[in-house]
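As a plain string of letters, each chain reads:
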Amino acid sequence: MIASLKKVWQKHRLKDPKYAYLFEPYRGDEVVVLDTETTGMDPRRDEILSIGAVKVRQNRILLSDAFEAWLKPEGEISEESIKIHGIRRIDIEHGERPERVIPALLDFIGNRPIVGYYIRFDQRMLSAYTRRLLGIDLPNELIELSEMYYRRYRKHSPHEFVDLKFDTIMKALDLPVLGKHDALNDAIMSALIYLKLKSMPEYRGAFS
């Protein structure tokens, strides 16, 4: 009920009626798997440096229809974030403005569900831009990979700690590791996780 009211309120705030379709229920068989690289972890002050996304249709990753964009930030890129993703200002000197990238991303996503690893962080980062441009938070349904993994993990005791680190999940699922901290590569690896987990039953001893 609260979620429905929030969507109605958000739709009322939409500045451009072209994007009203974002609030329509999705009827197709695709999801979009998405990842961002950012200048930091605070959506109130940090910026997005790159976005990678791929569509998944049923059991296929549509690599020929991938989305990748680099954004030129207004502020500085901290040394701490460079140590994580390796993106320096010189690497994105020709990055695009959000006014061009965000509408293109929304056209790519449509009203499909969005999948990702700690996807709510990416949603909050993207919403900082969609609020500025369109007056709304990104309204798509979110599917969290760490939650999917947790639901399919067989605990050996009720008190067992479940390691939800990205690398741990990739290793447990025996999936190939691509170059990490690259938004598109991370999106592709996340899509592999999604497909592997989707094929497993929940709460039925999917892991030994």
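Reading the values: rules and limits
- Residues numbered from 1 in each chain as written.
- Predicted model: local features only at pLDDT ≥ 70, side-chain atom pairs only at ≥ 80, totals over all residues.
- Heavy atoms only, no water.
- Axes fitted to C-alpha atoms, helices over the stretch in contact; angles between N-to-C directions.
- Helix = DSSP H or I, 4+ residues; strand = E, 2+ residues; numbered from the N terminus.
- Parallel < 35°, antiparallel > 145°, perpendicular 65-115°, else oblique.
- Left-handed = near helix turned anticlockwise from the far one by under 90°.
- Contact = heavy atoms within 4.5 Å.
- Nonpolar A, V, L, I, M, F, W, Y, C, P; charged D, E, K, R; others polar.
- Pairing = 2+ DSSP bridges.
- Buried < 20%, exposed > 50% of the residue type's maximum accessible area, 1.4 Å probe, protein only.
- Phe/Tyr/Trp six-rings, centres within 6.5 Å; stacked < 30°, edge-to-face > 60°.
- Lys NZ or Arg CZ within 6 Å of the ring centre and 35° of its normal.

A.B. asks: Is there a simple way to think about the packing of helix α5 (residues 145-152) against helix α7 (residues 183-198) in this case?
C.D. replies: A pair of packed helices can be characterised by two numbers: the angle between their axes and the separation between those axes. Between α5 and α7, the least distance of the axes is 10 Å, while the angle of their chain directions is 30°. Considering their axes alone, α5 and α7 lie roughly parallel with respect to each other. Handedness of the α5/α7 crossing: left-handed. Facing Leu145, Met148, Tyr149 and Arg152 of α5, the residues of α7 in contact are Ser190, Ile193, Tyr194, Leu197 and Lys198. When grouped by side-chain class, the residues that make up the contact of α5 with α7 number six nonpolar, one polar and two charged.

A.B. asks: Hey, could you run me through the sheet that holds strand β2 (residues 48-57) in this one?
C.D. replies: The strand order across the open sheet built from five strands is β3-β2-β1-β4-β5, with neighbouring strands paired in mixed fashion. Pairing within the sheet leaves two strands with one partner each, and these edge strands are β3 (60-70) and β5 (142-144). Here the strands of the sheet are splayed against their neighbours by 25° on average, with no regard to which way each runs. With two bridges connecting them, strand β1 (residues 30-38) and strand β4 (residues 114-116) associate as parallel partners. Note on β4: the bridge partner recorded for valine 33 is valine 115. Against the sheet, helix α3 (residues 98-109) engages β1, β2, β3 and β4, with an angle of about 170° to β3. With respect to the sheet, helix α4 (residues 119-134) is in contact with β1, β2, β4 and β5, its orientation differing from that of β1 by roughly 75°.

A.B. asks: What is the right way to look at the packing of α3 against α4 in this model?
C.D. replies: Between α3 and α4, the shortest axis-to-axis distance is 10 Å and the interhelical angle comes to 105°. Classified by the interaxial angle, the pair formed by α3 and α4 is roughly perpendicular. Of the residues in α4, those touching α3 at Pro98, Glu99, Ile102, Pro103, Leu105 and Leu106 are Leu126, Tyr129, Thr130, Arg132, Leu133 and Leu134. Grouping the constituent residues of the contact of α3 with α4 by class yields nine nonpolar, one polar and two charged.

A.B. asks: Got a minute to help me understand the environment of glutamate 147 in this structure?
C.D. replies: You can see glutamate 147 is positioned in helix α5. Taking the relative accessible area as the measure of exposure, glutamate 147 reaches 35% and is therefore partly exposed. Distance in space between the C-alpha atoms of glutamate 147 and serine 4 is 23 Å, their sequence separation being 143 residues.

A.B. asks: When you look at the packing of aromatic side chains in this model, what are you seeing that I'm missing?
C.D. replies: For any pair of aromatic rings, the description rests on two quantities: the centre-to-centre distance and the angle between the ring planes. Under the defined criterion, the tally for this structure stands at five aromatic pairs. With 5.6 Å between their ring centres and 40° between their planes, phenylalanine 67 and phenylalanine 108 make a pair best called tilted. With a gap of 41 residues between them, phenylalanine 67 in strand β3 and phenylalanine 108 in helix α3 connect regions that are remote in the sequence. Relative accessible area serves as the criterion here: at 11%, phenylalanine 67 is assigned to the buried category. A residue is classified by how much of its surface remains accessible, and phenylalanine 108, at 9% relative accessible area, is buried. One aromatic cluster in this structure is built from Tyr117, Tyr118 and Phe166. Its end group placed over the ring of phenylalanine 108, lysine 55 keeps NZ or CZ at 4.7 Å from the ring centre.

Any functional reading would require information beyond the geometric quantities listed.
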